[in-house]
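Coordinates in review
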Number of protein chains: 6
Amino acid sequence: MIYVTRREVFSASHRIFNPKLSDEENFRIYGKCSNPNGHGHNYILEVTVAGEVDENTGYLIDLKLLKEVIRSNVIEKLDHKNLNTDVDFLRNKIPTSENILIAIWEQLKDKIPFGKLYSIKLYETENNFVEYRGE
Amino acid sequence: MIYVTRREVFSASHRIFNPKLSDEENFRIYGKCSNPNGHGHNYILEVTVAGEVDENTGYLIDLKLLKEVIRSNVIEKLDHKNLNTDVDFLRNKIPTSENILIAIWEQLKDKIPFGKLYSIKLYETENNFVEYRGE
Amino acid sequence: MIYVTRREVFSASHRIFNPKLSDEENFRIYGKCSNPNGHGHNYILEVTVAGEVDENTGYLIDLKLLKEVIRSNVIEKLDHKNLNTDVDFLRNKIPTSENILIAIWEQLKDKIPFGKLYSIKLYETENNFVEYRGE
Amino acid sequence: MIYVTRREVFSASHRIFNPKLSDEENFRIYGKCSNPNGHGHNYILEVTVAGEVDENTGYLIDLKLLKEVIRSNVIEKLDHKNLNTDVDFLRNKIPTSENILIAIWEQLKDKIPFGKLYSIKLYETENNFVEYRGE
Amino acid sequence: MIYVTRREVFSASHRIFNPKLSDEENFRIYGKCSNPNGHGHNYILEVTVAGEVDENTGYLIDLKLLKEVIRSNVIEKLDHKNLNTDVDFLRNKIPTSENILIAIWEQLKDKIPFGKLYSIKLYETENNFVEYRGE
Amino acid sequence: MIYVTRREVFSASHRIFNPKLSDEENFRIYGKCSNPNGHGHNYILEVTVAGEVDENTGYLIDLKLLKEVIRSNVIEKLDHKNLNTDVDFLRNKIPTSENILIAIWEQLKDKIPFGKLYSIKLYETENNFVEYRGE
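Described below are features of the structure shown in this document.

With that settled, the discussion passes to the overall build of chain A. Within chain A one finds 3 helices and 5 strands. N-terminal to C-terminal, the α/β element order of chain A is β-α-β-α-β-α-β-β. Taking the principal axes of its C-alpha atoms as reference, chain A extends roughly 60 × 25 × 25 Å. Taken across its 135 residues, chain A has 61% of its residues classed as buried.

Next comes the structure, spelled out in structure tokens:
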């Protein structure tokens, strides 16, 4: 069993707020993250696939292929986008790192052609990140 | 002459577009950076002050003081903000890295208590950055 | 189950030595790390909390809150301090990375308001780090 | 149980190709990685040892000692070398990151003097890395 | 006057040696860098253009355009290549960082569509880099 | 003219204080940096040499040689040391980054065997650094 990871980046904006609550309640819960006009980040996404090495190729999965899977299913939908309004798979979700990450898992989990999705990590800033393993 | 640099970060959203032009023309010039609902970045700002070392303190400028000057004049106005709508000193400017950086220079140039402002650098992503020296 | 991590830094000095042993024996075991007048590091601490996402907020734990817990219980006691003499919770411990990290775990384990402490990591240099999961 | 990690780097060249296949088939599978004259990387290797802290020293393992074990058994054999031709323990292997990493595990697994080898990680580029735990 | 920088990476192999000298003399001068079968690096290239900001666009130069200029003139010719044998503009040069960098300058200096080439930097490892300004 | 840079690291402790002043006055000027028992950092030193490329070698200066010059004249005297008490060339200096850097310049300026010393940079933390060019 080996673990292969690909790192990708995307730049997006969001506003953290719960539309069921007032602006005042949102500010009390989310502080400056609920700024009505939004803010943004350079997100770093790490996708880890687990499986066995193919003896013929020496690869678990060709990283060029894994890159394409991540880009077409995730990065192209998130990069240079507003996460509150522009992304079909984030519709009706509060775009916290936790919710974005779990939604990315759903996008990727059935699309990995070799091995299986093991873990994904999302860095919102250099100091804050989240990890999810589908459990 | 010595050069002292402080690094600060802020997270903001923007849309690159010229309001005098149509959405189509903006897209032709700016591509995905002109997405109508915006996108965002973790910006890194480096502020360099030049001057001589004070023999009594061994400092050109106390970095805690430089940090406070940068935070109160720049970071608090940009962090978790929308650069198109929320920042007084960016009003009526296209918020490219170049324009943001020159506007930051104007905010800081007369506020450095020891030495003088020598250079400022702004990283928009890990691959793209701009520098300005007030010349 | 999701894993949320906050990264914090602190700058501290220490001398690695066992007070039950002579300076010669300490030098034989610890080499230059036992320099009698000490040396120091910029330590990086990563604190990972595990738990479930709250549907109302979209957070496992608000990272501003986790930051405050780490700063008040750990960083304020270690930053700009001498780890041999200035820190109550390191009293009578040889301040190796291993011992510092386990002592930090004890400081934090009952103070996490949402989810539970899962893992902590301490980087002493860019080449050396330790991890502990309370097991 | 604590986990201690040492990071080392080495610079090496390789050509990814299967000598049983033609150049055309290799190019179809490996693309530019099968360039006949090779290419290269600055590899980063992280070696993690797991075990208990020795009460007398405060160490699981002295990192100077772990560094020496990694350098003499692995780094000296790989640094500034061609991974297809110059390394005894890679003979007859396709030098993908997966195969290099598993071969490094075999070199190290019986040479750790305190604790036991838990995990090794190999970064081929800033975007691509693999991990192996001997399972 | 503003300075705009784009960072690109490429992975290549090389052998540092002077073909006019014997292997022994090469080893005496270049040490392990003259290993006959070569070694390699992940090179980081930073290209800085200087000029004035266009009032209509807010750009000195669109970084997507600068990226294309660097990739088509430099990166595509160096990435996943052997610098001793595969690169027309390095023919008959000893592929030290200094010589590679000056050759890259010659490739780029007349191809910058806005502003002019000001400085280029090449990182061979995280500890070694060179800069050239065409002077 | 080309610029060649070598990066080195060292770990040291210090206390920022002026022995002519009382502890209270030191605390008023230097805050937590004047903690009587000291604190410490992982310092990063970048040394840049300027000169012309030797046609025979393709080097301005062999980086292995520059590394040795920096290590023997600077790093061995600072690494794992207390900068207030253990370093001959810092005697009677307040060990601020500015003063440490200028003292390092004096150590190196006549020891560079090819080219001449152009600039040195010292990172005290990831957010604070100083540069000096001997002017």
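On to the pairing of strand β1 (residues 2–14) of chain D. Residue and element names in this part refer to chain D. For β1, the buried fraction is high: 12 of the 13 residues fall into the buried class. Pairing between β1 and strand β2 (residues 39–51): 13 bridges, direction antiparallel. Among the inter-strand pairings, F10 is bridged to a residue of β2, identified as Y43. As paired strands, β1 and strand β3 (residues 81–82) are joined by 2 bridges and run parallel to one another. From the neighbouring strand, A12 faces β3, where its bridge partner is K81.

A few words on the packing of aromatic side chains. Inspection of the entire model under this criterion finds 30 aromatic pairs over all chains. Seen in terms of ring centroids, F10 of chain F and Y43 of chain F are 4.9 Å apart; in terms of plane orientation they differ by 15°. Their pairing is stacked. Residue F10 of chain F is found in strand β1 (residues 2–14), and its partner Y43 of chain F is found in strand β2 (residues 39–51); the two are separated by 33 residues along the sequence. Like Y43 of chain F, F10 of chain F is buried. Looking at R15 of chain A, its charged tip hangs above the ring of F17 of chain A, at a distance of 4.0 Å from the centre.

Below, the discussion takes up the relation of the copies chain D and chain C. Of the two same-sequence chains, chain D is brought onto chain C (RMSD 0.0 Å, axial shift 0.0 Å) by a rotation of 120°. Here the symmetry operator amounts to a three-fold rotation axis. No C-alpha of chain D lies nearer the rotation axis than that of E126 of chain D, which sits 8.9 Å from it.

Residue and element names in this part refer to chain C. Take V69: it is sitting in helix α2 (residues 63–78). The sequence separation of V69 and I112 amounts to 43 residues, and the corresponding C-alpha distance is 7.3 Å. In this view, V69 contacts L108, K111, I112 and P113; residues no more than four positions away in its chain are not counted.

This paragraph deals with the interface of chain E and chain D. If you look at the interface, chain E gives 23 residues, while chain D gives 23 residues. Counting the surface lost from both chain E and chain D, the interface buries some 1700 Å², and carbon and sulfur atoms represent 41% of this. Ranking the residues of chain E by area buried against chain D places N37, N42 and H80 of chain E at the top, with a combined share of 33%. At the junction of chain E with chain D, the criterion picks out 4 salt bridges.

On to the arrangement of the chains, then. Between chain B and chain C there is no contact; the minimum C-alpha to C-alpha separation amounts to 14 Å. Between chain A and chain F there is no contact, and the shortest C-alpha to C-alpha separation is 12 Å.

Attention shifts here to helix α3 (residues 97–108) of chain D. All names here are of chain D. The end-to-end C-alpha distance of α3, which contains 12 residues, comes to 16 Å, matching closely the 16 Å that a straight helix rising 1.5 Å per residue would cover. Buried residues dominate α3, accounting for 10 of its 12 residues. Inspection of α3 places S97, E98, N99, I100, L101, A103, I104, W105, Q107 and L108 among the buried residues, and these make up the whole buried set.

All names here are of chain A. A positive phi is found at H80, a non-glycine position, where the angle reads about 60°. Looking at the element boundaries, H80 is found in the loop between α2 (63–78) and β3 (81–82). Judged by relative accessible area, which is 10%, H80 ranks as buried.

With an RMSD of 0.0 Å, the operation that places chain E on chain D is a rotation of 180° combined with a shift of 0.0 Å along the axis. This pairing of chains is accounted for by a two-fold axis. Looking at chain E, 100% of its interface residues are interface residues in chain D too, so the copies touch through the same face.

Thresholds applied
By convention here, each chain's residues receive numbers from 1 onward along its written sequence. By the order in which they are written, chains take letters starting at A while ligands take numbers starting at 1. For a predicted model such as this one, the threshold for reporting local features is a pLDDT of at least 70, and the threshold for listing and counting side-chain atom pairs is 80 or more; totals across whole chains, interfaces and linings nevertheless cover every residue. Think of the side-chain values as coming from all heavy atoms in the structure, minus any hydrogens and water. Numbering goes from the N terminus for both helices and strands, where a helix is a DSSP run of H or I of at least four residues and a strand is a run of E of at least two. Burial here depends on accessible area, computed with a 1.4 Å probe over protein chains only, as a share of the maximum for the residue type. Under 20% is buried, over 50% is exposed, and the range in between is partly exposed. Strand pairing is assigned whenever DSSP detects at least two bridges linking the two strands. Pairing of aromatic rings covers Phe, Tyr and the six-membered ring of Trp, with a centre-to-centre limit of 6.5 Å; geometry is then stacked below 30 degrees between planes, edge-to-face above 60, and tilted otherwise. Criterion for a charge above a ring: Lys NZ or Arg CZ within 6 Å of the ring centre, and within 35 degrees of the ring normal. Alignment of the copies relies on least squares applied to C-alpha atoms, considering only residues that score at least 70 for pLDDT in both. Here, residues are in contact when the closest pair of their heavy atoms is within 4.5 Å. Throughout, the accessible surface (probe 1.4 Å) given up by two parts as they are put together, summed over both, is called the buried area. We define a salt bridge as a side-chain nitrogen of Lys or Arg found within 4 Å of a carboxyl oxygen belonging to Asp or Glu. Here the expected length of a helix is defined as 1.5 Å per residue gap, with one fewer gap than residues.

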